[in-house]
Amino acid sequence: MSPSVSPGADATRLASATRPISPELSALLRQLKPGQRIRITQRVRVGSTATWTTTVEGIYRGYNFLATGLATDRVPEDDIVVVAVHFTKDNGELSSVTLDENSRIDLI
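Source: prediction; values computed, not measured.

Looking now at the packing of aromatic side chains. On inspection of all chains with the given rule, the structure shows 1 aromatic pair. Centre to centre, the rings of Tyr-63 and Phe-65 are 6.1 Å apart; their planes meet at 85 degrees, and the pair counts as edge-to-face. Using a relative accessible area of 1% as the deciding quantity, one classes Tyr-63 as buried.

Right, dumping it as structure tokens:
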């Protein structure tokens, strides 16, 4: 499920994302193996001034890219492609989280 880096791409970045994540997070994602336990921490903006920190744990399944947009007939340059991490929560729920500059993943 984990894509490879395209030829000529910066090895510290995930080539398919239009909203790049940190080189450290990119490197960690490339090293993770399905079945490893991870903790994802994100800072979420609420309203114009407040932020919440949220954490979720589970078993890593892989990552890929999510192209966002309102419709499929839009100009491709309007799409934003983000990294989506897939994992299984302790209750068996299959879940995914998209990453941004406020995301952190820890190997547990």
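Moving on, there is more to tell.
Here we take up the environment of Arg-37. For Arg-37, the location among the structural elements is in strand 1 (residues 37-46). Separated by 50 residues in sequence, Arg-37 and Phe-87 have C-alpha atoms that sit 8.8 Å apart.

This next bit is on the sheet that holds strand 1. Taking strand neighbours across the sheet as the criterion, the 5 strands line up as 4-3-2-1-5 in an open arrangement whose pairing is antiparallel. Looking at the sheet topology across the chains shown, the edges are occupied by strand 4 (94-98) and strand 5 (103-107). Geometrically, the sheet is characterised by an average inter-axis angle of 50 degrees between neighbouring strands, direction not taken into account. Bridge count between strand 2 (residues 50-68) and strand 3 (residues 80-88): 9 bridges; the pairing is antiparallel.

What follows deals with the environment of Ala-84. By the element assignment, Ala-84 lies in strand 3. Among the residues examined, Ala-84 registers a relative accessible area of 5% and is labelled buried. When the C-alpha atoms of Ala-84 and Ala-67 are compared, they prove to be 9.8 Å apart, with 17 residues separating the residues in sequence. Aside from chain neighbours lying at most four places away, what touches Ala-84 is Gly-62, Tyr-63, Asn-64, Leu-66, Val-97 and Thr-98.

Analysis parameters
- Residues numbered from 1 in each chain as written.
- Predicted model: local features only at pLDDT ≥ 70, side-chain atom pairs only at ≥ 80, totals over all residues.
- Heavy atoms only, no water.
- Phe/Tyr/Trp six-rings, centres within 6.5 Å; stacked < 30°, edge-to-face > 60°.
- Buried < 20%, exposed > 50% of the residue type's maximum accessible area, 1.4 Å probe, protein only.
- Helix = DSSP H or I, 4+ residues; strand = E, 2+ residues; numbered from the N terminus.
- Pairing = 2+ DSSP bridges.
- Axes fitted to C-alpha atoms, helices over the stretch in contact; angles between N-to-C directions.
- Contact = heavy atoms within 4.5 Å.

The analysis is restricted to geometry; functional conclusions fall outside its scope.
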